[in-house]
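Survey of secondary and tertiary structure
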Amino acid sequence: MHIGVDVGGTNTDAVLLDGTDVLAFVKSPTTDDVGSGVVSAIKTILEQSGTDAARIESVMIGTTQFTNAFVEGKKLVPVAVFRAALPATESVRPMVEFPDHLTRQIGTQSYLVNGGYEFDGRIIAPLDEKAVAAGAKDMKAKGIKSAVLSGVFTPINSAMEDRMAEIILNEAPDTVLTASGEIGRIGLIERENAAIMNASLCDLSHIVVNAFRDALRELNIICPLFVSQNDGTLMTAEFAEKYPVLTFASGPTNSMRGAAFLSGESDAIVADIGGTTTDTGVLIGGFPRESAISVDIGSVRTNFRMPDVLAAGLGGGSHVRDDGNRIGPDSVALDLLTEAMVFGGQTLTTTDIAVAAGYADVGDSSLVKHLDKALVNRAVDRMHAMVEEATDRVKSTQGEVPVILVGGGSVLINRDIRGASQVIRPEKSGVANAIGAALAQVGGEVDKVFSYDKIGREEAMEEARQSAIERAVDAGASPDTTKIVSLEEMPLTYLPAGAVRIKVKAIGDLAPAGEAS
Amino acid sequence: MKQITLENLPDFIRGTAILGTGGGGDPYVGRLMLQQELEKCGSINIIDPDDVTDDTLAVSVACMGAPTVFVEKLPNANSAIEGLRISEREIAKSFNAIIPLEAGGINATLPLVVAARLGLPVIDGDGMGRAFPEFQMTTFNVYGVDSSPFVITDDGNNSIIIRADTALRAERYGRPVCVQMGGIAQVASYAMTGEEIRRSCVPGTVSLAVEIGRTVRETRIAGETDVCTGLVNYFEHSNPPRFSRILFDGKVQDVLRETKDGWTIGEVSLLSETGADEMKISFQNEYSYAMRNGQLAAIVPDLIVVLDRETGEAITTEGLRYGQRVKVLGIAAPPVMRSEAALPIIGPSAFRIKEPFVPLEDLAWRDNANSA
């Protein structure tokens, strides 16, 4: 049996799964210390189902703690960046665009040294080891304990980042290191930014992951602990402690994967209608489609894998104006239960419209009886049109696909959706996030530029496939079930035909306890 | 005196993305480079070409190479300055101004970074009035400015000086050098006098980028009209006014894309909300021509811009995806870009397009006559 937990900003949800059966679930408040909320949620589902803690095989936790901490600029530590790149890249120093509230905590310390690679793997300059050592001494003197390793085209060859790590640890053995080539993709600044975010969270990740561990210990649950990543795969607790940034945006990912499970569809569009927004995304083979464009987090740009989610201003608390022609984007949000007309408030919201139109049963319907029928009809049309537009926008091709509606605001929709082969409203959709966490698999990915002229297409593809599979297995996947789920080839413009960027991703089931390496 | 400052930097960058007409490279790195310089120097002076004195000697600086490499091995201002110094030694004169090669994309930014470091002013004008893929596609070339010495430098300040009889030949010889330099190199070319600047540049394009960006921002805040309409209103009242027109409003239905001879070539199909009208836009790195219901709607060198319908942000050819809601804006190229001398170099035939050039306003007039 597995336990899935979703630690959100407001609620901590937990589910108990036996295979694919949901045995118990609960929603409880998130606590300041994180741990006690997790303990009480897990305790509740174990008691509900009468399950012995010894029967739990693994616990998977999804959390927004790290995203929130970075966006709010809380509990971050100072970071030093080592970039192997000179004489290239001198025109943009690290952290140029970081807002003041972040640099006040993270600082702007960086050491640019000679080094880095060309797109085809040649070196720009030999690594200046003396400069790295001098930087490490300076960093130590300044009391900075978290460092980022970065460099030009380091995703294609990690040797220089590895060497910098050795030199830094030699000078300052207590340093916590984040290698940018390990977590980001092509795009120096965005990859470096993702690494800086990660490095700034190193204290918090230690505290949070330990709180999770202590929670399990308190409950006498002795089993592997996993944390969900933003691409819908799992990482071990040890890995999460080193790479907290990989949890960013795992919330929408888990919600979509949970929706897929609850509805039994693996290729579908998921619209999560909340109080203020509708978040719409696409599931392909049970995984969310990734965003092709860069994503800003706390106004800092990154390029690491993120679910492609479109937010539209329609939720259960959205204001209705202009005789029903205009919905949102503002919402009464958490005040729905006092502000909306059906609850005796003064604000006309989408929930009031759904009640007045007779298809939602919330609050006191007599309080919206007086509403003009034409206005109600127009607003109902508009609400459906907004969901139709959102689902159509996220589609990657023409044609009809199933649409899964989740979230409290899904009561706003009662008609068919144009472009949808069917509309599915799964039960228990309130704990879709925790279910998504419990179902996650283990993955590994590679994003590298290869020269076909040098090693040939077949060999390049094989090398990329193998290294993606190795990464998945290293992360805890069982080798037998690990397979390639996506492979993209992108020839580089303005370069000779031989230069091609290959992106490969492998995914496998979690290896049973004892089998993982 | 017009200036680029930290305050108008976001407007300027947004404007250069729109003037990139679908290409020109990601302006993100350009913004960071310029932000870093402006934090040090405060402002960069922009000189109107009409105010340029005869003793002015300017040079263009630009990046050459693959936008996919630019995001990793970033454009390098120091190496661009080295190229400029080599050019000075070649012609035995000193430059006292910088002129941008392109008005759109990342090459609209690099000249400002170089100017900031050298304390030189930037000419309010450029050689393309938008973004184009190759170095000979400039009004500098059209109106007889010599592209040589064409100095290519890498990050390590290794350099190659090309002396070629035509700008096209300099481009052809320079491109393989750039690949050897790691897919990105800095180029100093088109050294020119004050008289040549006035004769050959597309005037006002640096301040135009700021104005376009400001219009997008203000229209968005006011929320009364959409961004595209805001831009049409702006061009109607700009000095001098420029004809512009919303060519299409719809969603992306299909994108065909291939890489051929180092170019991103393809076509995007758009469909109106009612499904009654369609538009196809061809691109060769930048958007090159647009057909509405089988009729020509706009063609290079006139500017074709695809904007996100809600935000008004420019969408590049690489960023096109099924389902995006877009508006397509056509903007008339200024007269210097449409002359008989200019069209063979930056008109349809330079992109192997069979359609002849027809000005945007004539196509609009035809359209109105047909529907009347």
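Residue positions are given per chain, counting from 1 as you read along its sequence in written order. To read the labels, note that chains go from A and ligands from 1, taken in the order they are written. Local features in a predicted model are, by the rule used here, given only for residues with pLDDT of at least 70; side-chain atom pairs are given and counted only at 80 or more, and totals for whole chains, interfaces and linings are based on all residues. Excluded from the side-chain calculations are hydrogens and water; all other atoms, namely the structure's heavy atoms, are used.

**Section: the overall build of chain A**
The line we're drawing: A helix here means a DSSP run of H or I that spans at least four residues, while a strand means a run of E at least two residues long, and both kinds are numbered starting from the N terminus. When we talk radius of gyration, it's over C-alpha atoms, and the globule rule is simply 2.2 Å times the number of residues to the 0.38. Here, two residues are considered to be in contact whenever any of their heavy atoms come within 4.5 Å of each other. Each accessible area is a Shrake-Rupley estimate made with a 1.4 Å probe; only the visible protein chains count as cover when residues are assessed.
Of regular secondary structure, chain A possesses 16 helices and 23 strands. Here chain A has a C-alpha radius of gyration of 25 Å; the compact-globule value for 517 residues is 24 Å, and the two agree. Long-range contacts, defined as pairs at least 24 residues apart, comprise 67% of the intrachain contacts of chain A with a sequence gap of at least 6. Accessible area of chain A: about 20400 Å², with a carbon and sulfur share of 49%.

**A short note on the overall build of chain B**
Worth spelling out the cut-off: Exposure is judged per residue with a 1.4 Å probe applied to protein chains only, and the accessible area is read against the type maximum: over 50% gives exposed, under 20% gives buried, and values in between give partly exposed. Just so you know, the count uses Lys and Arg for positive and Asp and Glu for negative, and it drops His and the chain ends. Note that the charge is assigned to NZ on lysines, CZ on arginines, CG on aspartates and CD on glutamates.
Regarding its fold elements, chain B presents 12 helices and 17 strands. Relative to its length of 372 residues, chain B is compact, with a C-alpha radius of gyration of 20 Å against a globular reference of 21 Å. For chain B, the spread of C-alpha atoms along the principal axes amounts to about 60 × 40 × 40 Å. Taking all 372 residues of chain B together, 63% fall into the buried category. Long-range pairs, those at least 24 residues apart, make up 72% of the contacts in chain B between residues at least 6 apart in sequence. Of the accessible surface of chain B, which amounts to about 13600 Å², a share of 49% is contributed by carbon and sulfur atoms. A distance of 3 Å separates the average location of the 34 positive side-chain charges in chain B from that of its 49 negative side-chain charges.

**A look at the interface of chain A and chain B**
Note the cut-off: Here's the idea: put two parts together, see how much 1.4 Å probe accessible area each one loses, and the total over both is what we call buried area. For this document, the term salt bridge refers to a Lys or Arg side-chain nitrogen within 4 Å of an Asp or Glu carboxyl oxygen. Two N or O atoms form a polar contact when they lie within 3.5 Å of each other; inside protein one atom must be a possible hydrogen donor and the other a possible acceptor, and for residues adjacent in sequence the pair counts only when both atoms belong to side chains. Residue polarity follows a fixed list, in which Ala, Val, Leu, Ile, Met, Phe, Trp, Tyr, Cys and Pro are nonpolar, Asp, Glu, Lys and Arg are charged, and the others, Gly among them, are polar.
Every contact between the two is made by 42 residues of chain A and, on the other side, 45 residues of chain B. Note on chain A versus chain B: buried area summed over both sides is about 3800 Å², and carbon and sulfur give 52% of it. Here Arg31(B) and Glu97(A) are joined by a salt bridge, their closest N and O atoms 3.9 Å apart. Linking chain A with chain B are 20 residue pairs in polar contact (both at pLDDT 80 or more). Put simply, the parts of the chain that give the side of chain A that touches chain B at least two residues each are α7 (188-200) and α13 (373-394) of chain A. Here the residues of the side of chain A that touches chain B sort into 18 nonpolar, 10 polar and 14 charged.

**What about the pairing of strand β23 (residues 499-508) of chain A?**
In terms of burial, β23(A) is a largely internal element, 10 of the 10 residues being buried. Side chains Ala499(A), Arg501(A), Lys503(A), Lys505(A) and Ile507(A) of β23(A) all project onto a buried face; the interleaved residues Val500(A), Ile502(A), Val504(A), Ala506(A) and Gly508(A) project onto the opposite face, where all are buried too.

**Examining the confidence of the model for chain B**
Threshold: The predictor rates its confidence in each residue with pLDDT, a number between 0 and 100.
Taken over all residues, the pLDDT of chain B has a mean of 93, while the share at 70 or more is 99%. The ipTM value of the predicted complex is 0.89, and its pTM value is 0.86.

**Side note on the packing of aromatic side chains**
Residue and element names in this part refer to chain A. Convention followed: Paired rings are identified among Phe, Tyr and Trp, the last through its six-membered ring, by centres lying within 6.5 Å, and are further divided according to the angle between planes into stacked (under 30 degrees), edge-to-face (over 60) and tilted (the rest).
Considering all chains together, one arrives at 8 aromatic pairs over all chains under this definition. For the pair Phe239 and Tyr243, a centre-to-centre distance of 4.8 Å together with 50 degrees between the ring planes defines the contact as tilted. Residue classification places Phe239 among the partly exposed residues on the basis of a relative accessible area of 33%. Residue Tyr243 is classed as buried on the basis of its relative accessible area, which comes to 8%.

**Structural notes on the pattern of salt bridges**
Per the counting criterion, the structure on display carries 53 salt bridges over all chains. In this structure, Asp138(A) and Lys142(A) form a salt bridge, with 2.8 Å as the shortest nitrogen-oxygen distance. A residue is classified by how much of its surface remains accessible, and Lys142(A), at 48% relative accessible area, is partly exposed. We note a salt bridge from Glu458(A) to Arg457(A), for which the minimum N-O separation is 3.6 Å. According to the relative accessible area criterion, Glu458(A) is exposed, its value standing at 54%. Three or more residues joined by partner-sharing salt bridges are found here, namely Asp392(A), Asp226(B), Asp249(B), Lys251(B), Glu273(B), Arg309(B), Arg325(B) and Lys327(B).

**Some points on empty space enclosed by the protein**
Residues and elements named next belong to chain B. So the rule is basically this: As defined here, a cavity is a set of points on a 1 Å grid over the protein atoms alone where a 1.4 Å probe fits but cannot get out. A pocket is an open set with protein on both sides within 12 Å along at least five of seven lines, and residues line them when an atom is within 4 Å of a point. Grid points are joined across faces, edges and corners, and a volume is the space filled by probe spheres set on the points.
Scanning the entire structure with this criterion turns up 4 cavities of 30 Å³ or more. Approximately 40 Å³ is the volume attributed to the largest cavity. The wall of the largest cavity is formed by Phe12, Pro100, Glu102, Ala103, Ala108, Asp126, Thr205, Val206 and Ala209. With 3 residues, helix α9 (residues 205-222) is the single largest residue contributor to the lining of the largest cavity. For the lining of the largest cavity, the class distribution of residues is 6 nonpolar, 1 polar and 2 charged.

**Notes on the nonpolar core**
Put simply, the test is: Take the buried Ala, Val, Leu, Ile, Met, Phe, Trp, Tyr and Cys residues and link them wherever side-chain atoms come within 4.5 Å; each set so joined is a nonpolar core.
In this structure, Phe82(A), Ile4(B) and Phe12(B) are the most contacted members of the largest nonpolar core, which totals 143 residues. With 59 residues, the next largest nonpolar core counts Val39(A), Val148(A), Cys223(A) and Met306(A) among its residues.

**Description of the domain arrangement of chain B**
Residue and element names in this part refer to chain B. The condition that has to hold: Note: domain ranges come from an automatic or database domain assignment.
Partitioning chain B into structural domains gives domain 1 (2-203) and domain 2 (226-371). Just the C-alpha atoms count here: the centres of domain 1 and domain 2 sit 25 Å apart. Opposite the 26 residues of domain 1 that make contact, domain 2 presents 29 residues. Interface area for domain 1 against domain 2, summed over the two sides, is near 2000 Å², with a carbon-plus-sulfur share of 69%. Salt-bridge contacts for Arg14 lead to Glu313; the nearest nitrogen and oxygen are separated by 3.5 Å.

**Let's talk about the environment of Val145(B)**
All names here are of chain B. With respect to the element layout, Val145 can be found in the loop between α6 (139-142) and β7 (150-153). Taking the C-alpha atoms as reference points, Val145 and Arg366, separated by 221 residues in sequence, lie 36 Å from one another. If we skip the residues at most four places from it in the chain, Val145 touches Phe140, Tyr190, Ala191, Met192, Glu196 and Ser200.

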